[in-house]
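The primary structure of each chain is shown beneath.
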Amino acid sequence: MADRVVVVTGGNRGLGLGVARICAGRGDTVLLGSRDPAAGERAARGLPGRVHAVQLDVTDPDGLASLARDVAAAEGRVDVLVNNAAVHYDTWQTSVDVDLGVVREALETNLLGAWQATLAFLPLLRRSAHPRVVMVSSEGGSLASMRGGTPAYSVSKAALNALTRTLAGDLARDRVLVNAVCPGWVATDMGGPGGRPVAEGAASIMFAVDLPDGGPTGTFTRDGRPVPW
Ligand SMILES: NC(=O)c1ccc[n+]([C@@H]2O[C@H](COP(=O)([O-])OP(=O)(O)OC[C@H]3O[C@@H](n4cnc5c(N)ncnc54)[C@H](OP(=O)(O)O)[C@@H]3O)[C@@H](O)[C@H]2O)c1
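Residues numbered from 1 in each chain as written. Predicted model: local features only at pLDDT ≥ 70, side-chain atom pairs only at ≥ 80, totals over all residues. Heavy atoms only, no water.

Chemist: What am I meant to see in unusual backbone geometry here?
Modeler: Across residues other than glycine, the phi torsion is negative in most instances, and most of the peptide bonds are trans. Backbone geometry places arginine 175, a non-glycine residue, at a positive phi of 65 degrees. Exposure remark for arginine 175: the relative accessible area of 45% places this residue in the partly exposed category. Its identity is not glycine, yet aspartate 223 carries a phi of approximately 50 degrees, on the positive side. Within the secondary structure, aspartate 223 sits in the loop between β7 (220–222) and β8 (225–226). Given the relative accessible area of 34%, aspartate 223 is considered partly exposed. (Buried < 20%, exposed > 50% of the residue type's maximum accessible area, 1.4 Å probe, protein only. Helix = DSSP H or I, 4+ residues; strand = E, 2+ residues; numbered from the N terminus.)

Chemist: Help me understand the side chain of lysine 157 in this model?
Modeler: With respect to the secondary-structure elements, lysine 157 resides in helix α5 (residues 151–170). An unpaired buried charge is present at lysine 157: no salt bridge exists, and aspartate 90, the closest side chain of opposite charge, is 11 Å distant. For lysine 157, the residues in contact, after removing those within four places along its chain, are Ala86, Val136, Ser137, Ser138 and Gly141. (Lys, Arg positive; Asp, Glu negative; His and termini not counted. Salt bridge = Lys/Arg side-chain N within 4 Å of Asp/Glu carboxyl O. Contact = heavy atoms within 4.5 Å.)

Chemist: How should I be thinking about the sheet that holds β8 in this particular structure?
Modeler: Backbone-to-backbone hydrogen bonds pair the strands of a sheet. The strands run either parallel or antiparallel. Within the open sheet, the eight strands sit side by side as β3-β2-β1-β4-β5-β6-β7-β8. Their pairing is mixed. Only two strands of the sheet have a single neighbouring strand rather than two, namely β3 (50–55) and β8. In terms of strand pairing, strand β4 (residues 80–83) meets strand β5 (residues 132–136) through four bridges, oriented parallel. Within β5, the residue paired with leucine 81 across the bridge is valine 133. Strands in contact with helix α1 (residues 14–25) are β1 (5–8), β2 (29–34), β3 and β4; relative to β2, the strand with the most contacts, it is inclined by about 165 degrees. (Pairing = 2+ DSSP bridges. Axes fitted to C-alpha atoms, helices over the stretch in contact; angles between N-to-C directions.)

Chemist: Would you explain the pattern of salt bridges in this entry?
Modeler: A side chain of one charge can pair with a side chain of the opposite charge when the charged atoms of the two come close. For the structure shown, the criterion picks out 11 salt bridges. We note a salt bridge from arginine 26 to aspartate 210, for which the minimum N-O separation is 2.8 Å. Of this pair, arginine 26 sits in the loop between α1 and β2 while aspartate 210 sits in the loop between α6 (198–209) and β7, and the two are 184 residues apart along the sequence. On the basis of relative accessibility, which here comes to 42%, the residue arginine 26 falls in the partly exposed class. Aspartate 213 is the salt-bridge partner of arginine 132, the closest N and O atoms lying 2.8 Å from each other.

Chemist: Just checking my understanding: could you explain the site of the ligand for this structure?
Modeler: Around the ligand sit 28 residues in total, of which Asn12, Arg13, Asn84, Tyr153 and Thr188 are the nearest. A distance of 2.9 Å is found between an oxygen atom of the ligand and a side-chain nitrogen or oxygen belonging to lysine 157. One of the backbone N or O atoms of valine 186 is found 2.8 Å from an oxygen atom in the ligand. When isolated, the ligand has an accessible area of 900 Å², and the protein chains bury 93% of it. Contributions of two or more residues to the shell around the ligand are made by α1 and α5. Here the residues of the shell around the ligand sort into 12 nonpolar, 11 polar and five charged. (Near = heavy atom within 4 Å. Polar contact = N/O pair within 3.5 Å; in protein donor to acceptor, adjacent residues only side chain to side chain. Areas by Shrake-Rupley, 256 points an atom, 1.4 Å probe, with all protein chains shown as cover. Nonpolar A, V, L, I, M, F, W, Y, C, P; charged D, E, K, R; others polar.)

So, in structure tokens, the structure goes:
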């Protein structure tokens with residue numbers, strides 16, 4: 001599938017920028033979301049093809065609604081929404097020694113932000129012939145392997161996984177494929193040094209971006225292979 005309209009949240013750096021780069025290189029129109037417009041413009045300038053920086057803060061419902069109106073006027077539809085923006089990989093705390101303010105912020109961005117962005121773009125996704133919603137999650141949200149540590153992040157990603165399943169069910173009749181992906185450990189600002197290159201993590205995300213019509217929905221994968229919930 002070419003010539004898609006792809007919205008990426010948190011597209012100005014890290015994995016979001018990596019996904020934007022791959023999509024733009026393939027001929028998609030990429031709306032590179034960034035909460036800081038200047039950072040978005042800088043990132044977009046470094047990419048090939050049709051990339052438009054757009055101001056997008058997933059915690060700002062009015063801003064999302066206004067952006068959706070602009071995208072409706074300019075593009076008429078959205079084919080792929082990549083809910084990538086996230087905060088607070090909180091390695092410094094545990095669930096018993098925890099700042100609940102950090103937990104609230106993580107839920108606000110990582111769960112409710114992705115939810116809000118999906119709702120804002122849903123009318124435009126419904127206008128697509130091949131609508132896809134991709135939740136950039138993490139094995140850190142897997143209940144199967146969850147132990148202690150990173151409480152804000154892990155709980156927010158587990159909730160994001162639950163949202164993936166409920167949205168997949170509720171949007172099945174609309175043909176919207178909704179899937180969660182783990183990019184693996186990736187060397188970004190969040191992941192820190194030592195992880196795999198951004199291009200490899202972004203390729204793991206692209207699996208769910210590129211699913212064919214009739215493909216799976218409500219799944220959780222890394223590099224195209226199932227991750228236990
Ligand atoms: N790196 C890893 O090892 C790893 C592993 C598993 C999963 N993941 C997941 O992969 C995704 C991308 O992570 P990353 O490593 O690329 O992180 P990153 O380098 O820290 O980038 C995070 C991006 O999210 C944006 N963001 C944060 N809050 C936002 C908001 N309210 N509205 C819009 N954008 C917002 C940031 O924008 P600003 O520049 O404005 O802060 C930035 O563009 C996340 O969902 C993360 O949980 C990463």
